[in-house]
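# A closer look at the structure
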Amino acid sequence: LYTLFHFRCIFRWFTHYYILATVVTSICVVLSIECYVFEMPPPGFLREFLVRLRVSEKSALLTLMLLWLHVVRRLFESLFVSVYSDTKMNIMHYSLGLLHYLCLPCAVLVEAPGFVSNLINLDSTLKQLSFLQLLGILLFAISNISQHQSLDVLANMRRNYLGNITNYAHGIPTSGWFEVVSCPHFLFEVLIYLSLWCTIGPLARVWPSVCLFVFVNQCIAAKITHNWYQEKFGDMYPAHRRAIFPYLF
């Protein structure tokens, strides 16, 4: 047990998170479309996990589809954009990440109707979206684009103008949101989950817990990364930068 706890795996294994998340979320999206659009009964075992209903079919399907777009985008970046060094992480951290992405789409379905509701007219669904959901979609789009740009900045620090990897060294990012925070990609991760809270609706009880977990996790990770930058680069590192939230923390 001691050996297992101290086992460390490479950061390239982050790709496993998004492979798992893409597979599980895709399955949940397909099941939701089958149940809500084509009125096909879901697998019986899923009913055992349903709690008191607080989320509409529309909100659940919308949130799942946005979540699917997010994890597919992160899988693409992990495979073709990000340049991981040989830095390692604890196996417990890795396992927690796998558990998080395994449960993520389930956190949406667990409060959704039990796949026995009326047919959804997809043509009119967009007109029925609330202002909060439209705001969530806008925040989701902006946050995903901004997070991709931030990850692209990090990747380009290890590539030449032809896109070839030239090094695995750590440097000081100097463009975009990196001018004000050390970890803008963590900031936008928090905002992405917040945007999905807007789309799933304020009555949801499970998703706020997911948001809280992500908020705490990203803040801790950002603070650790920020302190590491300061220790490694000393006076060279911009003193005005915060860890994750501009001008605050």
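Residues numbered from 1 in each chain as written. Predicted model: local features only at pLDDT ≥ 70, side-chain atom pairs only at ≥ 80, totals over all residues. Heavy atoms only, no water.

A complete count under the given rule lists zero disulfides for this structure. Cysteine Cys198 is unpaired, with the sulfur of Cys211 as its nearest cysteine sulfur at 8.8 Å. (Disulfide = S-S within 2.5 Å.)

Moving on, we come to the packing of helix α8 (residues 131–156) against helix α9 (residues 184–200). Contact geometry for α8 and α9: axes closest at 8 Å, N-to-C directions at 160 degrees. Classed by the angle they form, the pair α8 and α9 counts as roughly antiparallel. At the point where α8 passes α9, the crossing takes the left-handed sense. For the contact of α8 with α9, the residue count by class is 13 nonpolar, ten polar and one charged. (Axes fitted to C-alpha atoms, helices over the stretch in contact; angles between N-to-C directions. Helix = DSSP H or I, 4+ residues; strand = E, 2+ residues; numbered from the N terminus. Parallel < 35°, antiparallel > 145°, perpendicular 65-115°, else oblique. Left-handed = near helix turned anticlockwise from the far one by under 90°. Nonpolar A, V, L, I, M, F, W, Y, C, P; charged D, E, K, R; others polar.)

Opposite charge on two side chains permits pairing when their charged atoms draw close. Scanning all chains against the criterion turns up two salt bridges. Here Arg73 ties to Glu77 by a salt bridge, and the two come within 2.8 Å at their closest N and O atoms. With a gap of four residues between them, Arg73 and Glu77 both fall in helix α4 (residues 57–80), about one helical turn apart. A relative accessible area of 0% means that Glu77 is categorised as buried. A single salt-bridge network, built from bridges that share partners, covers Arg73, Arg74 and Glu77. (Salt bridge = Lys/Arg side-chain N within 4 Å of Asp/Glu carboxyl O. Buried < 20%, exposed > 50% of the residue type's maximum accessible area, 1.4 Å probe, protein only.)

We now examine the UniProt feature "transmembrane region" (unreviewed entry) in the protein chain. UniProt annotation of "transmembrane region" (unreviewed entry) refers to residues 17–38, 59–76, 96–117 and 129–147 when read in the numbering used here. Annotated as 100% helix and 0% strand, the span residues 59–76 places its first and last C-alpha atoms 26 Å apart. (UniProt positions renumbered as here; feature names shortened; annotations may be inferred.)

Once that is clear, we can look at a nonpolar patch on the surface. On the surface, Phe131, Leu132, Leu135, Leu138 and Ile142 cluster together into a nonpolar patch covering about 500 Å² of accessible area. Along the chain, the position of Leu135 falls in helix α8. By relative accessible area, which is 40% here, Leu135 ends up partly exposed. (Patch = residues over 30% accessible without salt bridge, like charges linked within 9 Å, V, L, I, M, F, W, Y side chains within 5 Å. Areas by Shrake-Rupley, 256 points an atom, 1.4 Å probe, with all protein chains shown as cover.)

It is worth spelling out the packing of aromatic side chains at this point. In this structure the tally under the stated criterion is twelve aromatic pairs. Taking the centre distance of 5.4 Å and the plane angle of 70 degrees together, the rings of Tyr18 and Tyr101 count as edge-to-face. With a gap of 83 residues between them, Tyr18 in helix α2 (residues 14–36) and Tyr101 in helix α5 (residues 91–103) connect regions that are remote in the sequence. In this structure Tyr18 comes out as buried when scored by relative accessible area, which is 6%. Relative accessible area serves as the criterion here: at 8%, Tyr101 is assigned to the buried category. (Phe/Tyr/Trp six-rings, centres within 6.5 Å; stacked < 30°, edge-to-face > 60°.)

With respect to the helices, strands and loops of the structure, Tyr84 is situated in the loop between α4 and β2 (88–90). Each C-alpha atom of the pair Tyr84 and Trp13 lies 9.4 Å from the other, and the pair is 71 residues apart in sequence. Side chain to side chain, Tyr84 and Ser78 meet in a polar contact 3.3 Å long. (Polar contact = N/O pair within 3.5 Å; in protein donor to acceptor, adjacent residues only side chain to side chain.)

Relative to each other, α4 and α8 sit at 5 degrees, their axes nearing to 11 Å. With respect to each other, α4 and α8 are oriented roughly parallel. Facing Lys58, Ser59, Leu62, Leu66, Leu69, His70, Arg73, Arg74 and Glu77 of α4, the residues of α8 in contact are Gln133, Ile137, Phe140, Asn144, Gln147, His148 and Leu151. Partitioning the contact of α4 with α8 into residue classes produces six nonpolar, six polar and four charged. (Contact = heavy atoms within 4.5 Å.)

Phi is positive for Tyr247, which is not a glycine, with a value near 65 degrees. Structurally, Tyr247 is set in the segment after α10 (206–233).

What follows is about the nonpolar core. Counting 39 residues, the largest nonpolar core has Tyr17, Tyr101, Leu104, Tyr193, Trp207 and Val210 as the members making the most contacts within it. Element by element, the count of residues in this core is highest for α2, at nine residues. Both of domain 1 (1–124) and domain 2 (129–248) provide at least three residues apiece to this core. In contact with Tyr17, not counting residues within four places along its chain, are Met89, His93, Tyr94, Gly97, Leu98 and Tyr101. Core analysis: the second largest hydrophobic core is formed by nine residues, Cys183, Val190, Cys219 and Ala243 among them. (Core = buried A, V, L, I, M, F, W, Y, C linked by side-chain atoms within 4.5 Å. Domains from an automatic or database assignment.)

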